[in-house]
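Residues per chain, in single letters:
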Amino acid sequence: LESDPNLDTILMPAANELLGFNNVEGPSTDFRMRQVINMALDKKEIMMAAFPNEEFFWLDSGYMDVNITNWLTDAGSEYYNQNNQEKAKELLEEMGYNGEEYRIMTTRDYDHHYNVGVVIHEQLKSIGINAVLEVYDWPTVLDIQGNEYDKWDSYISSASTVSTPTQLLALSPKWAGGLYPEVSQAVSDIETAPTLEEAKQIWDDLQLHLWEEVLPIVHLGGYSSLYGFNQKVEGLTTQTGPIFWNVSVAE
């Protein structure tokens, strides 16, 4: 696209890639297992496998898109991309892991989800987890994730850019079996806070709590979408997808 003299390009943030956990049954219900997995994963290697050009992704600990600056926080960043396989192995041994199967769901319908799943599968096997990669079409992944908790332990997904933390899918009380009551209460407190400053402080505390004591997901990083458009068109902007109002033919 960039080599075509008739085209211009826009690279815009699209979503955050994540590994979601089963909060209802199986090994992922144990915080220690979620902690081990988060500690072991090399997020840069994972994101490079999905988006093999560093212009297309970014590494960041925030649950919110880095461009939503009024909600930006580095709370809990010390738990992001630890990439510490040796420590993860020690914790796995301490918790008495005995080779139980660990099922990771992904799909070939989206290449980036599949590639992320392949690398996570390899990285977990390298620390001694008996990981199994299970590949389905995307509608089946969503159906199993929401209804058949006995068939999966984690799955690869993404969360589109949202304007406030209260819209984050991973904080929904119904997502993957729900979260702890204090998470839902904190989300409610953000919604009803009398000022943005107070809401922002609640969010800072909540994101730290999510990284430190809950880990509903492993946030891997964010990625962008590339749009190409003819130079005869002007006024095109994007916001999690192309928006065509204010577009006109250039003179």
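Definitions and cut-offs
Residues numbered from 1 in each chain as written. Predicted model: local features only at pLDDT ≥ 70, side-chain atom pairs only at ≥ 80, totals over all residues. Heavy atoms only, no water. Salt bridge = Lys/Arg side-chain N within 4 Å of Asp/Glu carboxyl O. Buried < 20%, exposed > 50% of the residue type's maximum accessible area, 1.4 Å probe, protein only. Helix = DSSP H or I, 4+ residues; strand = E, 2+ residues; numbered from the N terminus. Patch = residues over 30% accessible without salt bridge, like charges linked within 9 Å, V, L, I, M, F, W, Y side chains within 5 Å. Areas by Shrake-Rupley, 256 points an atom, 1.4 Å probe, with all protein chains shown as cover. Lys, Arg positive; Asp, Glu negative; His and termini not counted. Charge placed at Lys NZ, Arg CZ, Asp CG, Glu CD. Pairing = 2+ DSSP bridges. Contact = heavy atoms within 4.5 Å. Axes fitted to C-alpha atoms, helices over the stretch in contact; angles between N-to-C directions. Core = buried A, V, L, I, M, F, W, Y, C linked by side-chain atoms within 4.5 Å.

Caption draft 1: Representation of the pattern of salt bridges in the model. One pass over the full model with this rule turns up 6 salt bridges. A salt bridge links arginine 32 to aspartate 30, with the shortest nitrogen-to-oxygen separation between them at 2.9 Å. Exposure remark for aspartate 30: the relative accessible area of 23% places this residue in the partly exposed category. Where arginine 103 meets aspartate 153, a salt bridge forms, and the shortest distance between an N and an O atom there is 3.1 Å. Taken together, the positions of arginine 103 in strand S3 (residues 101-107) and aspartate 153 in the loop between helix H5 (138-147) and strand S5 (154-160) put the pair 50 residues apart, joining distant regions of the chain. Per residue, the accessibility class of arginine 103 equals that of aspartate 153, and both read buried.

Caption draft 2: Fine view of a negative patch on the surface. A surface patch of negative charge is lined by Asp74, Glu78, Glu182, Glu212 and Glu213. Under the relative-accessibility criterion, glutamate 212 is labelled partly exposed at 31%.

Caption draft 3: Up close: the sheet that holds S3. Strand order across the open sheet formed by 6 strands is S2-S6-S1-S5-S3-S4, with mixed pairing between neighbours. Since the sheet does not close on itself, it has two edges, and those belong to strand S2 (57-58) and strand S4 (130-136), each with one partner. Sheet topology note: the strand S1 (residues 7-21)/strand S6 (residues 217-230) ladder contains 13 bridges and is antiparallel. Following the sheet pairing, leucine 18 is matched in S6 by histidine 219. Where helix H1 (residues 31-40) meets the sheet, its contacts fall on S1, S3 and S6, and the angle it forms with S1 comes to roughly 145°. Along the sheet, H5 contacts S3, S4 and S5; its crossing angle with S3, the most-contacted strand, is approximately 135°.

Caption draft 4: Main features of the nonpolar core. Judged by nonpolar contacts, the single largest core of 34 residues is most densely connected at Leu171, Trp203, Leu206 and Leu210. Every element with two or more residues in this core is listed here: H5, S5, helix H6 (181-192) and helix H7 (196-214). Sort the elements by how many residues they give to this core and H7 lands first, with 6 residues. When near neighbours in sequence (up to four residues on either side) are disregarded, leucine 171 contacts Pro165, Leu179, Val183, Val187, Trp203, Leu206 and Leu210. Grouped together as the second largest cluster of nonpolar side chains are 33 residues, Met39, Ala40, Ile46 and Val116 included.

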